[in-house]
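# Report on the structure
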Amino acid sequence: MTAIERIASVVVWTLAAFTVVFLLTPLVVTVMVSFGSSAVFTLPAPSWSLRWYQALGRSRELWPVVAASVQLAALSTVVALALGTLCAIGLLRSQFRARDAIVTFLVSPLMLPGLVIGIAMLETFRAAGLRDVWVSLILAHVVITLPYVVRTVYAALSLFDFTLIDAARTLGLPYPKAVMKVLVPALAPAFLTSGMFAFLASMDNYPISIFFTDAWTKTLPIQMLQYVEESPDPTIAAISALLILLAAGVLIIGDRLVGLRRMADL
Amino acid sequence: MTAARRLDPVILLALPAVLYLAIVYGVPLLVLLGRSIMVGGVPSLAPFVGFLSDPFSWTVIGNTVRIAVMVTLVCLVIGYPTALALSRASGLAQALILVAIILPLSVGVVVKAFAWQIVLRRDGVVSQLMMGLGLWNEPQRLLFTEAGLVIGAANVFVPFMILPIYSVLKLVDPRLGEAAATLGASPLYRFFKVALPLSLPGIVTGIAFVFSMAASMYVIPNLLIGDRFQTLATLTGRSFLFMRNEQLGSTTAVVLLVLTVAVVVGSAALSKRLGGAS
């Protein structure tokens, strides 16, 4: 190894190590603050306590919001998985000429400003006479979750060799069984990861949801931002730490089922 | 391609999703665009002329572009080496980098912005660290400054720079570098002539992603810099949610939309010319 190579390698690994620390900083800080005893976020905390978790347990406003957000995310993810998987299969099998353009359209909500999408939907829903908060939220969240499913399942399917299904049928399997035995296992990892990211994207969405929530129906990020702005105490750190724990759990399950590397292939 | 193939009934499977998105998302965007150029039922560019002739608007557009460019640059400078390291790492190092990228992706943006509020305060970790290193003489806050906003935003968006670059880099055959070395190319020459050009499509995709997200972020500026500093996105949100000025909000929304679409479409074209899959 020459001197230049050695220096370049040191620079690359130093910056990578810095990035790892940088990326994990907010998570570590949140968890540390949540276990502190002080009400004013001093780091390191004077002493450790569970009082903010107790406060969280007593909170009457947070848990209904968590439940509403989970329901919304689960429902829109299921709808997106159904619509998106069918769509990916249809586009790939049909050799449709404009399919790349269609995929770009389906994935575009990820790249356009959420606020702009939210405003456009708000105005159109209003004009169409739709005022129900819950229905509006579900309609909007399917738009947020669908791109994850379409993008990942489409990419996985384009690597799938459909003649394998024909091969299975030649070997005597009826069509539905051939699909179950060949296509479903090949697609499962893409299905799981995209569903997971779709769910998390829905749970975390602020800029679109803010236009549809009202005083009675709120989603978690909206309630949390309001909390941070109005009464910032470490209760918010405690719920954040629980969310980090949940994310870590999901990550471990994802690693077992799919593998971290394949999850990064998104 | 024959007519019979184009009319393959399998395409019907794609119809529900396409129709759904067209109605719930496509139509509203067209309606927004249409409304933004209609004043009292007559087509008119007056709102845009009015907006663009106000010096305040240019401050806001300048803030938006400046912050987005700085966030993108920071993400590129720390993201490229990380993607490079990830493509060469194995075992524990690889797992660590992957966890550091994926775990924060699944933690909400409010949580992260809140944590940066704590880190960037006058008595926060950064201030204490800089004092400890002797770089600062007295505690300073980065919270409510542009630097603080860039740090917090880069933290949230850097995975979106790393992942596309990594996905291109891992496809690069390591033997290419060896071949170049055998032919007598120096390490730097090899990097600039082999690895860098091959990873350009990933870089372009990453830049487009990070730039468009940084230009449209709303929650992060709210928590890290406050409402004296406006970008197109925060002004849009505020016009609708607090000021109840829908005219202004629609105008800023369309300006922001045009800016992000230009970057996304331009980068997709560039990435295609560079020969990568977008």
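Quick caveat: nothing in here was measured; it's all calculated off a predicted structure.

Often, the extent of an interface is quoted as the loss of accessible area on bringing the components together. If you look at the interface, chain A gives 81 residues, while chain B gives 90 residues. Of the roughly 7700 Å² buried at the junction of chain A and chain B (both faces included), carbon and sulfur atoms supply 79%. In this assembly, chain A and chain B are joined by two salt bridges. A salt bridge links A:E123 to B:R35; the shortest N-O distance between them is 3.6 Å. Counting across the interface, chain A meets chain B through seven residue pairs in polar contact (both at pLDDT 80 or more).

This brings us to the confidence of the model for chain B. Residue and element names in this part refer to chain B. Predicted confidence across chain B gives a mean pLDDT of 89, with 96% of residues reaching 70 or more. When the elements of chain B are averaged for pLDDT, helix α1 (residues 3-6) gives the smallest value, 50, and helix α4 (residues 55-88) the largest, 96. Predicted as a complex, the structure gets a pTM of 0.92 and an ipTM equal to 0.91.

Before going further, it helps to examine the nonpolar core. Core analysis: the biggest nonpolar cluster contains 173 residues, and A:M121, A:L157, B:V71 and B:F157 have the highest contact counts within it. Considering every element that reaches this core, the biggest residue donor is helix α6 (residues 133-158) of chain A, with 14 residues. Those residues in contact with A:M121, other than ones at most four positions away along the chain, are A:A140, A:V143, A:I208, A:F212, B:V24, B:Y25 and B:P28.

Below, the discussion takes up the packing of helix α9 (residues 220-230) of chain A against helix α10 (residues 235-257) of chain A. Axes are the key here: two packed helices are described by the angle between their axes and the distance separating the axes. Residues and elements named next belong to chain A. Where α9 contacts α10, the axes come no closer than 10 Å and their chain directions differ by 150°. The angle between the axes of α9 and α10 places the two elements in the roughly antiparallel class. Here α9 runs over α10; the crossing is left-handed. From α9, L220, M224, Y227 and V228 reach across to α10, where they touch T235, I236, I239, S240 and L243. When its residues are assigned to classes, the contact of α9 with α10 shows seven nonpolar, two polar and no charged.

A word on unusual backbone geometry. All names here are of chain B. A positive phi angle is found at F144, which is not glycine, with a value near 65°. Within the fold, F144 resides in the loop between α7 (125-132) and α8 (146-169). We classify F144 as partly exposed; its relative accessible area is 43%.

Rules and cut-offs
- Residues numbered from 1 in each chain as written.
- Chains lettered and ligands numbered in written order.
- Predicted model: local features only at pLDDT ≥ 70, side-chain atom pairs only at ≥ 80, totals over all residues.
- Heavy atoms only, no water.
- Contact = heavy atoms within 4.5 Å.
- Buried area = accessible area lost by both parts, 1.4 Å probe.
- Salt bridge = Lys/Arg side-chain N within 4 Å of Asp/Glu carboxyl O.
- Polar contact = N/O pair within 3.5 Å; in protein donor to acceptor, adjacent residues only side chain to side chain.
- pLDDT = per-residue confidence, 0-100.
- Helix = DSSP H or I, 4+ residues; strand = E, 2+ residues; numbered from the N terminus.
- Core = buried A, V, L, I, M, F, W, Y, C linked by side-chain atoms within 4.5 Å.
- Buried < 20%, exposed > 50% of the residue type's maximum accessible area, 1.4 Å probe, protein only.
- Axes fitted to C-alpha atoms, helices over the stretch in contact; angles between N-to-C directions.
- Parallel < 35°, antiparallel > 145°, perpendicular 65-115°, else oblique.
- Left-handed = near helix turned anticlockwise from the far one by under 90°.
- Nonpolar A, V, L, I, M, F, W, Y, C, P; charged D, E, K, R; others polar.

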